[in-house]
Each structure stands twice: as structure tokens, then as C-alpha cells.
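# Breakdown of the fold
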Amino acid sequence: MRILGIDPGTARLGYGVIEDTPQLSVVTYGCLTTPAKDSQPDRLLSIYRQLGEIFETATPDEVAVEQLFFNQNITTAFAVGEARGVVLLRAAEAGCPVSDYSPLQIKQALVGYGRADKRQVQTMVSMALALEKPPRPDDAADALAVAICHAHMRTAQQLLAQT
């Protein structure tokens, strides 16, 4: 089972693909970027096209996306929400089911503590995927955390279904 994790954003969108076999492993990860000088429609089109390449080459079976959490800039929230919509569209086109996770759920699944800091999450991502050092950039590490969270949640759901 291949899981594509997404940390949504317009300027920077983190992605991480993992293989969920008996042991989690990395397929690919990185960060999609768009120029700030471009219009919002052009940025969304760029994200759409770049995501298409990821879906084509990494062939994920499921997609996990971090839910939006903004408490300050509503304009940024709308722009990120639009980028998130592009992710959902691409997933639907690929026939991949999508799951959403809050930052609290992701931290809880990886660290066991919903208020963990970024460094703790990155350390657990490295350990879960047997990486020598935390993935860079931070957006990619966050996306891998989303994918790992989904893998753990899927396993928990499967175990509950068996009882």
C-alpha cells in the first residue's frame, strides 16, 4: 500500500510517499514550490501539474492530507485551502481515497503527544522510516508525518475491524 502524505500550501506544498508494508519505507518526498510573483490561478495550475507528475511516477493508492489550522491570517487560510482543493481534485482523478488529519492527530500518532514540537515530530519521522537524518525541507518532513499517521490509523482501524 502506497500512501501519499500532503502538507498543503501555495508557496510550498510538502509531499511524501511511503510504502506501508510490514515495515514503513520511503518512496519519495520533496516540496512543490510556486513563485510568489505568479497569480493565484497560475500557482494553483502549477501545483496541479506538479502533483500530476507525482501521482504518475509514485502511483499512490491512498492520500492523506493535513487539515488546515489557522488562527491569524484569513487570507493565507483561503489560499492554502485552494491549494488543498487542488490536491483533493488530483486524488479524485487518480481514484485515490483521501483521509484528513489534524495537526494534533498527526503529532499524537507519531510522538504520542499532541503538543509535540516540530523537532520531536521530525525525529520520529526519521526513526519510523529508518532515515539517517530528518528529511528536508520541513514541509516534506511534515508530509511524511501525515503519511505515517495515516499508516498507523489504517492499521488501528484494521485491528478494530477484526474484533
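The model shown is predicted, which means the values in this text are computed figures rather than measured ones. The numbers attached to residues start from 1 for each chain and follow its sequence in the written order. Totals for whole chains, interfaces and linings use all residues, but because this is a predicted model, local features are given only for residues with pLDDT of at least 70 and pairs of side-chain atoms are given and counted only at 80 or more. Side-chain metrics in this entry use all non-hydrogen atoms of the structure; hydrogen atoms and water are not considered.

## Comments concerning the nonpolar core
We define the nonpolar core as a collection of buried residues of types Ala, Val, Leu, Ile, Met, Phe, Trp, Tyr and Cys that are connected through side-chain atoms lying within 4.5 Å of one another. The buried label applies to any residue whose accessible area, calculated with a 1.4 Å probe on protein chains only, is under 20% of its type's maximum; exposed applies above 50%, and partly exposed to all values in between. Within the largest apolar cluster, 19 residues are counted, with the highest numbers of intra-cluster contacts made by L4, I6, L13, L51, I54, V63 and V87. A run of H or I in DSSP becomes a helix once it reaches four residues, and a run of E becomes a strand once it reaches two; helices and strands are each numbered from the N terminus. When residues of this core are traced back to their parent elements, those giving at least two are β1 (2-7), β2 (12-20), α1 (40-58), β4 (62-66) and α2 (74-94). A per-element tally of this core places α1 first, with six residues. Only heavy atoms enter the contact rule, under which two residues are in contact if any of them lie within 4.5 Å. In this structure V87 touches I6, L13, L51, V63 and V65, once residues within four positions along its chain are discounted. In terms of nonpolar packing, the next biggest core, distinct from the first, is built from 18 residues, I18, L24, Y101 and L144 among them.

## Focus: α1
Expected span of a helix: the number of residues minus one, times 1.5 Å. End to end, α1 covers 26 Å across 19 residues, agreeing with the expected 27 Å (1.5 Å per residue, within 8%). Listed in full, the buried residues belonging to α1 are R43, L44, I47, L51, G52, I54, F55 and A58.

## Digging into the packing of aromatic side chains
Pairing of aromatic rings covers Phe, Tyr and the six-membered ring of Trp, with a centre-to-centre limit of 6.5 Å; geometry is then stacked below 30 degrees between planes, edge-to-face above 60, and tilted otherwise. According to the stated counting rule, one finds zero aromatic pairs in the structure shown. Between R90 and the ring centre of Y48, over which it is positioned, the NZ or CZ distance is 3.7 Å. Put simply, a charge is over a ring when the Lys NZ or the Arg CZ is close to the ring centre, within 6 Å, and near the line of the ring normal, within 35 degrees.

## Topic: the environment of Y48
Here Y48 is to be found in helix α1. With 38 residues separating them in the primary sequence, Y48 and V86 have C-alpha atoms 6.0 Å apart. Ignoring any residue separated from it by four or fewer positions in sequence, one finds Y48 in contact with V86, L89, R90 and E93.

## Some thoughts on unusual backbone geometry
Of note, the bond from R136 into P137 is cis; its omega dihedral lies within 30 degrees of zero at -5 degrees. Residue placement: P137 occurs in the loop between α4 (118-128) and α5 (138-162). Positive phi, normally seen in glycine, also occurs at A130, with a value near 55 degrees. Within the fold, A130 resides in the loop between α4 and α5.

## With respect to the pattern of salt bridges
The rule for a salt bridge is simple: a side-chain nitrogen of Lys or Arg has to be within 4 Å of a carboxyl oxygen of Asp or Glu. The full count for this structure, using the stated rule, is nine salt bridges. Across the salt bridge formed by D20 and R154, the nearest N and O atoms sit 3.1 Å from each other. With a gap of 134 residues between them, D20 in strand β2 and R154 in helix α5 connect regions that are remote in the sequence. Here D20 falls in the buried class, since its relative accessible area comes to 16%. R154 sits in the buried class, given a relative accessible area of 14%. The partner of E93 in a salt bridge is R90, and the shortest N-O contact between them spans 3.2 Å. Of this pair, E93 and R90 both sit in helix α2, three residues apart, which is roughly one turn of that helix.

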